[in-house]
2 protein chains.
Amino acid sequence: MTQPGKPSQSRPNGGATPDTAPHLEVIPLGGMGEIGKNITAYRYGDEIMVVDGGLAFPDAHQMGVDLIIPRIDYLQQHAGLIKGWILTHGHEDHIGGLPYILPRLPRVPVYGAPLTLGLVREKLSEFGIKPGDVDLREVDLDANVKIGKSFQVQFVRMTHSIPDNAGYILTTPVGRIVHTGDFKLDEEPSDGRLSDLARIEQAGREGVLLLISDSTNAERPGRTVSEAEVARNLEDLISKCKGRVFMTTFASNVHRIGNVIKIAHRQGRRVVMEGRSMLKYAQVAQGLGLMELPEPLLANDEVGSLQDQQVLYVCTGSQGQPMSVLSRLAFGNHAKIALRRGDSVILSSNPIPGNEEAVNLVINRLYELGVDVYYPPAYRVHASGHGSQEELATVLNLARPKFFLPWHGEPRHQINHARLAQTLPRPPKRTLIARNGDVVRLGADEFRVTGTVPAGGVYVDGLGVGDVGDDVLLDRSSLSQEGVVIMTAVLHPTPHVEIVSRGFVRANRDLDAQIRRVALEAVEGGVREKKRLEDVRDDMYGAVRRFLRKVTGRNPVLIPMIVD
Amino acid sequence: MTQPGKPSQSRPNGGATPDTAPHLEVIPLGGMGEIGKNITAYRYGDEIMVVDGGLAFPDAHQMGVDLIIPRIDYLQQHAGLIKGWILTHGHEDHIGGLPYILPRLPRVPVYGAPLTLGLVREKLSEFGIKPGDVDLREVDLDANVKIGKSFQVQFVRMTHSIPDNAGYILTTPVGRIVHTGDFKLDEEPSDGRLSDLARIEQAGREGVLLLISDSTNAERPGRTVSEAEVARNLEDLISKCKGRVFMTTFASNVHRIGNVIKIAHRQGRRVVMEGRSMLKYAQVAQGLGLMELPEPLLANDEVGSLQDQQVLYVCTGSQGQPMSVLSRLAFGNHAKIALRRGDSVILSSNPIPGNEEAVNLVINRLYELGVDVYYPPAYRVHASGHGSQEELATVLNLARPKFFLPWHGEPRHQINHARLAQTLPRPPKRTLIARNGDVVRLGADEFRVTGTVPAGGVYVDGLGVGDVGDDVLLDRSSLSQEGVVIMTAVLHPTPHVEIVSRGFVRANRDLDAQIRRVALEAVEGGVREKKRLEDVRDDMYGAVRRFLRKVTGRNPVLIPMIVD
């Protein structure tokens, strides 16, 4: 809970004495040392600018948690200093936290490209947040906006797996910062609009104090496959399919889906789109002219007289999500569509870490149904949205930063990114491996962590935000391992004990009777000795704990209750 | 629970009428349609022969389960017919179930190679099973044993990731069966002993009725990397390490560990071995002359005066297991050893599906400690023990079977293996994609599933075998998602309600009070209307369920109790 060391707001345009030399603070509140829930604050004097506001998905140990949003204590504590917000793109890990974050902070201008803001609007309206409550300001991908007195933001178009994706060049009183945002350097992007490397190169010539760059694929050699190559491979594959084709990918991959719609048209297939999130993204993208439809989409019940080789379904389920269209098809419980031999299913995606098992289950079920299943790596029908080592090196070489902050990655990615930078002809003078909450102080000759602010995740579970903490998750973990046994001792008129369990063992009257006897003995002993109720309860707990450990080798969660 | 259709025991050497033509039954009880818990029964007339008896590890949804053993109802029901057992190799998924299986069946000869039986003996003694209770018979890897009157078993040496690994050629009254066992065709095995393809080729010339072959890597093109190449890459990598080296791999990979010990010796490093399972395998292997030690292993406290570059640790933890040596090193809670900058850690392994997250966590922690971490694919320091498509094709081409049963794989692996077979010059006449419990009837011209027997998994949890079923796991899953809320209503003298919860939300007195009020209203209403106790309980349950859903958006496990 440390506050930033020597915050500079007392002397916003402070003098030149060494320890109060003008400096900026870069404060990653999410997305640093992890992949997910990106949010970064910049502070100069009494002005704060914020970038993105994403969410993360829980890992296997965060049981029952729906999603995780970043802690924003720092922003709330300095709410009055926030001058504006910029959004780099519309992925959940960059905008998914906004419905939780924005309402808790003052209304400030939020700048973003059309698709990004379109998706934010959808999201806010789902949460019942009125358009007027948030000051969304649409900008082009080469816009230049001023935030407060200290921050000049030049958006920079970068290719990624969603349209309208941007990095930015931030001009501040201490110097120039280049933040790549999420990016790859796709040389054949679907919309023909390349990453704007000229701006980064120009910044490099003019001097870049700090580069903040995407580390996701820092361990991958070479270049990331182009979206155009994915499209060619999909076209080739689909042209060989004889029956119906079902294709799934990330709903946000608007270009990929647009390409598949074009491919279908060229091959005489009408497209049916299935799945709520797929339809939502498509609707927003179409409204903005980002997804062209050579023919209208069909609803499933309009397919009627078409032959199998005249239909292509685009559907949700690339991550094996249980309620998605593809999962329901694989498990044979879709209300309207049944897969059959002769159908082809294309997974134009890779499982996100944590989803491997779910995706594998779906793939196996598809094989069992006798359909033809196509997925990477055997079929090159997916490409990452993040650049590999050669692309990362290109950006480092163009920006030629004095300081370097590898971002958007776990420590393994950050550190490999840092090492890559050291192999280049003009390595950065200094690289920091930062974590969420670090206060990175940046000056002309200064680049170090001077303190920390609260950071981490807030769990969202059902309607609750933050009412599930690690203590609750620890309980859930214990419950999941051995279940729960509840012992209720009623003392009057004569002591007796009731046993109820869930998730412990299969209904077992003998064992229940034994537990009851062990518990009752402890209770009767305590009553005889006129012990206090708490002590009787503890005796019962201890006796049953020992008994179960000995007889079953297990440690269920034990809940002893005494009714006097 | 179907019994095999028309079991042939009534006419063991049955006549030639079409429906009673002599035939064999191949009954996979585990390992078919899955990777894990391999066990296969062959039945001819009134004789049964069994192969292997493995275990499987639970997936993420089988919460709290320690391991899974195959159901052996079929073997128990026909226990008197079992004439003998053979073991292909010493991996857990082939022998790990034996301590549970063998004691429940009559004592019959169990044939296996020295290392395999050495590991079985260790295992049985851990379970307190006396050596005399099991009839273990050590055989060479080219042994020929007769089981009952009907089964002639010719072991066939095959290379794999553990020494003393075998497939076998089974000569039966209906024809010849080739079962590869787990295999790769390593052209440079560590002990110089190649797979005995000559025998398979000879069987192919003499006529193979059925091939049962390992499908694990049927989706991988090309050949699996040789163990010799892994050793070369390890040697190259270790020679460049300046400080201490910590290397982990599967404890059963005796050859790999032996190679690393030799590499260490050549490079002037003494070897310390850490971790119980690592030491156990090494001890058994050394006793059999399968792991040579150029110098004695050191204990950690003997390292004393050695310099960092004179030490190499071989340790457990390649799968991110929380209590393993590598995990304790990564999380800084090993009692005697602390990693430091300058150390190198080599993960000579890949995560088994399901372990990705745990391994990733360990790798990230190692990076954070500042040690150098090496692992695939960036460093080619691991090779699978299973052959890829070219190797699978080689075996199919040599065996030239009439019928084909792709085994040791999930449906995706089995089906890709089947497709591979169809692309070869002499494809099998018929391929079956079988599942556990299928009764595959095999005759000179017959190859089909004629029925099923009980099969599947029995969960082992603590000391309990089979007392946790899918119903219990479903409860555990519910508990893990939302926790449990227990409402105890005491009716006399005046009704009141106690609320206890675990894993639901952070302690929240307001919410508890509200739940109590809602529950109490329902109870008081029921009491006023003189409802039956069960109905009062159901009312309380329903009222609280609705209340929680509305207020929290959640569905914890609710346990209502009434004390009259």
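Residues numbered from 1 in each chain as written. Chains lettered and ligands numbered in written order. Predicted model: local features only at pLDDT ≥ 70, side-chain atom pairs only at ≥ 80, totals over all residues. Heavy atoms only, no water.

Turning next to the pairing of strand E3 (residues 47-51) of chain A. Residue and element names in this part refer to chain A. Burial analysis of E3 places 5 of its 5 residues in the buried class, which makes it a mostly covered element. Taking every second residue as pointing to the same face, both faces of E3 are buried, with Glu47, Met49 and Val51 on one and Ile48 and Val50 on the other. The pairing of strand E2 (residues 39-44) with E3 spans 5 bridges and is antiparallel. Directly across from Thr40, in E3, lies its bridge partner Val51. Here E2 hands over to E3 after 2 residues, with Gly45 in that stretch at a positive phi of 60°. (Buried < 20%, exposed > 50% of the residue type's maximum accessible area, 1.4 Å probe, protein only. Helix = DSSP H or I, 4+ residues; strand = E, 2+ residues; numbered from the N terminus. Pairing = 2+ DSSP bridges.)

Turning next to the relation of the copies chain B and chain A. Screw-axis analysis of chain B against chain A gives a translation of 0.1 Å along the axis, an RMSD of 0.1 Å, and a rotation angle of 180°. Taken together, the turn and the small shift mark the pair as related by a two-fold rotation axis. Taking C-alpha positions as the reference, the residue of chain B nearest the rotation axis is Ser480 of chain B, at 2.4 Å. The share of interface residues of chain B whose copies in chain A are also at the interface is 100%, consistent with both copies meeting through the same surface. (Least-squares fit on C-alpha atoms with pLDDT ≥ 70 in both. Contact = heavy atoms within 4.5 Å.)

A few words now on the pairing of strand E5 (residues 82-86) of chain A. Residues and elements named next belong to chain A. Of all 5 residues making up E5, 4 are buried, and the element is well covered by its neighbours. Here 4 bridges tie E3 to E5, and the two strands are oriented parallel to one another. When the bridges of E5 are listed, Ile48 appears paired with Ile82. Of the strand pairs in this sheet, E5 and strand E6 (residues 109-112) are connected by 2 bridges, and their pairing is parallel. Its bridge partner lying in E6, Ile86 is registered against Tyr111.

One turn of an α-helix holds 3.6 residues; hence residues three or four places apart share an orientation. Residue and element names in this part refer to chain A. With 20 residues, helix H14 (residues 509-528) should reach 28 Å at 1.5 Å per residue; the first-to-last C-alpha distance of 28 Å fits that figure. Here H14 has its buried residues at Leu511, Ile515, Val518, Ala519, Ala522, Val523, Gly525 and Gly526. Seen from one end, H14 has its buried residues packed into an arc of 165°, which puts them on one side. Seen from the buried face of H14, the exposed residues on the opposite side, beyond 90 degrees, are Arg509, Asp510, Glu521 and Arg528. Each element contacted by the buried residues of H14 is listed here: strand E24 (484-490), strand E25 (496-502) and helix H15 (533-552). The opening residue of H14, the one whose side-chain oxygen lies 3.2 Å from the backbone nitrogen of Asp510, is Asn508. Where H14 ends, the next residue or the one after it, Lys530, has phi of about 55°, a positive value. (Expected span 1.5 Å × (residues − 1). Arc of directions from axis to C-beta. Polar contact = N/O pair within 3.5 Å; in protein donor to acceptor, adjacent residues only side chain to side chain.)

Moving on, we come to the interface of chain B and chain A. Counting residues at the interface gives 61 residues for chain B, matched by 62 residues for chain A. Overall, the association of chain B and chain A removes approximately 5000 Å² of surface from exposure, summing both partners, and the carbon and sulfur fraction of that is 53%. Per-residue buried area on chain B facing chain A is highest for Tyr367, Arg412 and Arg506 of chain B; these three make up 12% of the total on that side. Salt-bridge contacts for Asp467 of chain A lead to Arg554 of chain B; the nearest nitrogen and oxygen are separated by 2.6 Å. Between chain B and chain A we count 32 residue pairs in polar contact (both at pLDDT 80 or more) in total. At the level of elements, helix H10 (356-369), helix H12 (411-422), helix H13 (470-482), strand E24 (484-490), strand E25 (496-502), helix H15 (533-552) and strand E26 (557-563) of chain B are the ones that each hand at least two residues to the side of chain B that touches chain A. Among the elements that take part in the side of chain B that touches chain A, H13 of chain B stands out by supplying 8 residues, more than any other. (Buried area = accessible area lost by both parts, 1.4 Å probe. Salt bridge = Lys/Arg side-chain N within 4 Å of Asp/Glu carboxyl O.)

Turning next to the domain arrangement of chain A. Segmentation of chain A into domains returns domain 1 (24-222 + 384-454), domain 2 (227-374) and domain 3 (470-563). Taking only C-alpha atoms into account, the centre of domain 2 of chain A sits 52 Å from that of domain 3 of chain A. (Domains from an automatic or database assignment.)

Now for the sheet that holds strand E13 (residues 245-248) of chain A. Residues and elements named next belong to chain A. The parallel open sheet is built from 5 strands, whose spatial order is E14-E15-E13-E16-E17. One side of each edge strand has no neighbouring strand; the edge strands of this open sheet are strand E14 (270-274) and strand E17 (372-374). Averaged over all pairs of adjacent strands, the angle between their axes in this sheet comes to 20°, without regard to strand direction. Pairing of strand E16 (residues 344-347) with E17 involves 3 bridges; the strand directions are parallel. Note on E17: the bridge partner recorded for Val345 is Val373. (Axes fitted to C-alpha atoms, helices over the stretch in contact; angles between N-to-C directions.)

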